[in-house]
Amino acid sequence: MALSGNKGEWSEIYVFLRLLDTGKLDVADENLNAIPNEFYRILEIIRKETETTNNYVREDDMVTINVVNDQTGETEQFSYPITVFAEKANNLLSLIKSTSGRAFQLPPIDAFLKELRIGTIKDVGHNRDITITIEDFRTGMPQTLGFSIKSFLGSDSTLFNAGTGTNFIYEIVLPEGKSLECDEFNRATYPMTGRIGVRLKKLRDEYDATFAFRKVQSDCLYQNLLAIDGHMPFLLAELLLIKSEMGFNDIKRCTEELTKRNPLGFDTSTHGNIYEYKIKRFLQDCAQGMTPEKPWLGIYDATGGQIIVKEDGDIVCYHIYELNRFREFLFNSTKFEGASTSEDAGTPGHPRSDAKKKIFYGWVYEEDGKYYIKINLQVRSK
């Protein structure tokens, strides 16, 4: 069966081929530029297939492939010239850039992967995207490390995916004696551009409302955020309000506004960047494996760090040693994204019955005599 994947998944195969071609992994600065003379030498790449463990060892001008059957212990060994990997990496890069669609097959590459005993696009044995034995240029010692891969070859890479559980729920607190007719309010504001921001502003200006963060829809995500930082659920809730009300989605800019407001009352004369530090921690954990519906305790399967595929196909990395650079890169290069609200155009304030993604947020609703609104969290690269 032919392999099929999206641009991000095919980018993982591209990284595999290109690293075996070049034999090195460049270290990036905080602006994603390769630092001269700082790189890790590639000794081998290890892939776990459904029934085998495959080692691709780079030696002089050849790549030697060792395939071990996990059940029987039977082995197979063969080699290819490194020039073949260069050719296939160039071909794959062109195909990724020129092919459209959410998922697609690439028969010319698929045939070569089968020769390499690769039957799946993704490594089936780990949460990491690739496992590499590198030679550390600082110590000269070999290390076998797992890396996550983010690609800019397709659309902007998603750092934190939207889902029903990533809704943040706010109580709309009205002055005593004031009430809200939700259906009427939602109908009146539905046609407006920037609907969520318009609704928040109208509630503040015309109803003297304030917004009190109450919960994250997913209990698992809430606990994951607490594991990163005890204030994290509240801080992200504040950032989502800033994004929605002020009309900009750049995470750095939103965090600068959060620092000005200083909702936690920190002494910013001595700890001026404390909000920035906390948000960088969140971004780092997202990049290194934290998801909404899987318990997270900060154990990184990607023990080596992050590999980035740039728009031109160049590959750079942030090793765990370069943690501060990595955090700075994430902080400067990410934005909040708004997933489809799936609000019904015919009956605003209610979910669309045929919605493909049932995230359902962005309108005012009443529950147990109180009013609420949900804002969804999603983070993408800019």
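It should be noted that the structure appears before, not after, this text.
Cut-offs and rules
- Residues numbered from 1 in each chain as written.
- Predicted model: local features only at pLDDT ≥ 70, side-chain atom pairs only at ≥ 80, totals over all residues.
- Heavy atoms only, no water.
- Helix = DSSP H or I, 4+ residues; strand = E, 2+ residues; numbered from the N terminus.
- Buried < 20%, exposed > 50% of the residue type's maximum accessible area, 1.4 Å probe, protein only.
- Contact = heavy atoms within 4.5 Å.
- Areas by Shrake-Rupley, 256 points an atom, 1.4 Å probe, with all protein chains shown as cover.
- Lys, Arg positive; Asp, Glu negative; His and termini not counted.
- Charge placed at Lys NZ, Arg CZ, Asp CG, Glu CD.
- Pairing = 2+ DSSP bridges.
- Arc of directions from axis to C-beta.
- Axes fitted to C-alpha atoms, helices over the stretch in contact; angles between N-to-C directions.
- Parallel < 35°, antiparallel > 145°, perpendicular 65-115°, else oblique.
- Nonpolar A, V, L, I, M, F, W, Y, C, P; charged D, E, K, R; others polar.

Visitor: Kindly report on the overall build of the protein, identifying the contributing residues and their values.
Guide: When you go through the protein residue by residue, the secondary structure sums to ten helices and 18 strands. By residue count, 52% of the 382 residues in the protein fall in the buried class. Partitioning the contacts of the protein with sequence separation of at least 6, the portion at a separation of at least 24 is 66%. When the accessible surface of the protein is summed, it comes to about 17700 Å², and 48% of that surface belongs to carbon and sulfur atoms. Here the protein contributes 46 positively and 56 negatively charged side chains, and the mean placements of these two sets differ by 4 Å.

Visitor: How would you summarise the pairing of strand S2 (residues 24-28) if you had to cite specific residues and measurements?
Guide: Of all five residues making up S2, four are buried, and the element is well covered by its neighbours. Direction of pairing for S2 relative to strand S3 (residues 34-48): antiparallel, over a ladder of four bridges. Residue pairing in the sheet places Lys24 in a bridge with Arg41 of S3. The hairpin formed by S2 and S3 contains five residues between the paired strands, and Leu32 there has a positive phi angle of roughly 75°.

Visitor: Describe the side chain of Lys278, and please don't skip the residues or the numbers.
Guide: Tracing the backbone through its elements, the reader meets Lys278 in helix H9 (residues 274-287). Ignoring sequence-local partners within four residues, the contact set of Lys278 consists of Asp229, His231, Met232, Leu235 and Phe266.

Visitor: Which residues make up helix H3 (residues 107-115), and what values do they have?
Guide: Taken as a whole, H3 has its buried residues at Ile109, Asp110, Phe112 and Leu113. Buried residues along H3 cover an arc of 165° about the axis, so they all sit on one side. Every exposed residue of H3 that faces more than 90 degrees away from the buried side is listed here: Pro107 and Pro108. In the core, the buried residues of H3 are packed alongside helix H1 (7-22), strand S6 (75-81) and helix H2 (82-98). Following H3 by one or two positions, Arg117 has its phi on the positive side, about 65°.

Visitor: How would you summarise the sheet that holds strand S12 (residues 210-216) if you had to cite specific residues and measurements?
Guide: One open sheet accounts for four strands, arranged S12-S11-S17-S16; its pairing is antiparallel. Looking at the sheet topology across the chains shown, the edges are occupied by S12 and strand S16 (364-367). Shown here is a sheet whose adjacent strand axes are inclined to one another by a mean of 40°, direction ignored. Packed on one face of the sheet, helix H5 (residues 195-207) meets strand S11 (167-173), S12, S16 and strand S17 (370-376) and runs near 130° to S12.

Visitor: Please give an account of the packing of H9 against helix H10 (residues 323-333) that cites residues and values.
Guide: If you want to describe how two helices pack, look at the angle between their axes and the distance between the axes. Packing of H9 against H10 brings their axes to within 9 Å, and their N-to-C directions diverge by 95°. The angle between the axes of H9 and H10 places the two elements in the roughly perpendicular class. Contacts between H9 and H10 involve Glu276, Tyr277, Lys280, Arg281, Leu283, Gln284 and Ala287 from the former and Leu323, Phe326, Arg327, Glu328, Leu330 and Phe331 from the latter. Residues that form the contact of H9 with H10 fall into these classes: seven nonpolar, one polar and five charged.

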